[in-house]
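Geometric and topological summary
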Amino acid sequence: DSGVTQTPKHLITATGQRVTLRCSPRSGDLSVYWYQQSLDQGLQFLIQYYNGEERAKGNILERFSAQQFPDLHSELNLSSLELGDSALYFCASSAQGNTEAFFGQGTRLTVV
Amino acid sequence: AQSVTQLGSHVSVSEGALVLLRCNYSSSVPPYLFWYVQYPNQGLQLLLKYTTGATLVKGINGFEAEFKKSETSFHLTKPSAHMSDAAEYFCAVSASASKIIFGSGTRLSIRP
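Residues numbered from 1 in each chain as written. Chains lettered and ligands numbered in written order. Predicted model: local features only at pLDDT ≥ 70, side-chain atom pairs only at ≥ 80, totals over all residues. Heavy atoms only, no water.

With that settled, consider the layout of surface pockets. Here the largest pocket defines a volume of roughly 570 Å³. Forming the boundary of the largest pocket are 22 residues, of which Gln37 and Leu39 of chain A together with Gln38, Glu88 and Arg107 of chain B lie nearest the centre. Mapped onto the lining of the largest pocket, the elements with two or more residues apiece are β4 (31-38) and β9 (87-94) of chain A together with β9 (87-94) of chain B. Here the element with the most residues in the lining of the largest pocket is β9 of chain B; it accounts for three residues. (1 Å grid on protein atoms, 1.4 Å probe; cavity = no way out; pocket = protein on both sides within 12 Å on 5 of 7 lines; lining within 4 Å. Points joined across faces, edges and corners; volume = space filled by probe spheres on them. Helix = DSSP H or I, 4+ residues; strand = E, 2+ residues; numbered from the N terminus.)

Dropping the structure here:
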């Protein structure tokens, strides 16, 4: 158990809908990362937050947004969903000054 | 900017044989390097990491990797493969405590 909790584990929704994925980092970790894993794109970095502020941005679509709250949990919002958004979404966290990230079990999103 | 190239999307070895998974990186600053493993339907688990110091890094489950700056490589090895090593392995690079960029992954299969 990495200590990173993601909910829900599975999500099935229709095209055009909006969903929110939630991540609770390990206790004390200030950094949260979001990744998307799909068969054709591999593991893609989406965005990183550090202590509530956006630190780095990757290949995140404009339809996607994220935030990190004062209690350090993070949410990834996906809107106007398309079939191609079906993927595993991982959250990871790391401590201040540390380099390695610890991953949650992921949320499997299926868009139908 | 950082990037990672993993040579070989699929590697198959016999049980008891040497495992060698190749990783080359590109980084404009001294990199932090990682190997992660992903078992089916699970998140990523850190195998080992290189930050500074000794270039031969030992990780969990008998794996090790050697940082070779002149070759910009960080290959993962294990002297004797076990059936339980079958998984997907990801090499990753980071600059300081910022976003971690992953390679495309190598699926390791073990033949009885």
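That was the structure; now back to the text.
Next up on the list: the sheet that holds strand β3 (residues 19-26) of chain B. Residues and elements named next belong to chain B. Spatially, the five strands line up as an open sheet ordered β1-β3-β8-β7-β6, and their pairing is antiparallel. Of all the strands in the sheet, just β1 (3-7) and β6 (56-58) have a single pairing partner and so form its edges. Along the sheet, successive strands turn relative to each other by an average axial angle of 20°, direction set aside. Where β1 lies against β3, five bridges are found, and the strand directions are antiparallel. (Pairing = 2+ DSSP bridges. Axes fitted to C-alpha atoms, helices over the stretch in contact; angles between N-to-C directions.)

What follows concerns the pattern of salt bridges. According to the stated counting rule, one finds seven salt bridges over all chains in the structure shown. Across the pair Asp85 of chain A and Arg63 of chain A runs a salt bridge whose closest N-O atoms are separated by 2.8 Å. Of this pair, Asp85 of chain A sits in the loop between β8 (74-78) and β9 while Arg63 of chain A is found in the loop between β6 (53-57) and β7 (64-68), placing the two residues 22 residues apart along the sequence. Of the charged contacts in the structure, one is a salt bridge between Lys58 of chain B and Glu64 of chain B, with a shortest N-O distance of 2.8 Å. Classification of Lys58 of chain B as exposed rests on a relative accessible area of 63%. Counted as one network, the salt bridges with shared partners bring together Arg63, Glu82 and Asp85 of chain A. (Salt bridge = Lys/Arg side-chain N within 4 Å of Asp/Glu carboxyl O. Buried < 20%, exposed > 50% of the residue type's maximum accessible area, 1.4 Å probe, protein only.)

Of all hydrophobic cores here, the largest spans 26 residues; its most connected members are Trp35, Leu48, Leu76 and Tyr89 of chain B. At the level of secondary structure, the elements contributing two or more residues to this core comprise β2 (10-14), β3, β4 (32-38), β5 (44-50), β7 (64-68), β8 (73-78), β9 and β11 (106-111) of chain B. Ignoring any residue separated from it by four or fewer positions in sequence, one finds Leu76 of chain B in contact with Val19, Leu20, Leu21, Trp35, Leu47, Leu48, Phe63, Glu64, Ala65 and Tyr89 of chain B. In this structure, Val4, Leu21, Ala66 and Tyr89 of chain A belong to the second largest nonpolar core, which totals 20 residues. (Core = buried A, V, L, I, M, F, W, Y, C linked by side-chain atoms within 4.5 Å. Contact = heavy atoms within 4.5 Å.)

The next subject is the pairing of β9 of chain A. Residues and elements named next belong to chain A. Most of β9 sits out of view: eight of its eight residues are buried. Alternating positions in β9 separate into two faces, Ala87, Tyr89, Cys91 and Ser93 on one and Leu88, Phe90, Ala92 and Ser94 on the other, with burial throughout. With seven bridges connecting them, β4 and β9 associate as antiparallel partners. Looking across to β9, one finds that Ser31 is bridged to Ser94. In terms of strand pairing, β9 meets strand β11 (residues 107-111) through three bridges, oriented antiparallel. In the strand pairing of β11, Leu88 is matched with Arg108. Inspection of the sheet shows β9 paired to strand β10 (residues 102-103) by two bridges, in the antiparallel sense. What sits directly across from Ala92, in β10, is Phe103.

Looking now at the packing of aromatic side chains. Going through the model one piece at a time under the given rule, you end up with 14 aromatic pairs over all chains. When the centroid spacing of 6.2 Å and the interplanar angle of 45° are considered together, the rings of Phe34 of chain B and Tyr36 of chain B count as tilted. In terms of burial, Phe34 of chain B and Tyr36 of chain B fall into one category: buried. Here the guanidinium or amino end of Arg26 of chain A rests over the ring plane of Phe102 of chain A, the centre of that ring lying 3.8 Å away. (Phe/Tyr/Trp six-rings, centres within 6.5 Å; stacked < 30°, edge-to-face > 60°. Lys NZ or Arg CZ within 6 Å of the ring centre and 35° of its normal.)

It is worth spelling out the sheet that holds strand β1 (residues 5-7) of chain A at this point. Residues and elements named next belong to chain A. Here four strands make up an open sheet; going across it, the order is β1-β3-β8-β7 and the pairing antiparallel. What marks the edges here is a single partner per strand, and that holds for β1 and β7. Neighbour to neighbour, the strand axes of the sheet diverge by 15° on average, direction disregarded. Relative to β8, β7 runs antiparallel, the two being bridged by five bridges. What sits directly across from Phe64, in β8, is Leu78.

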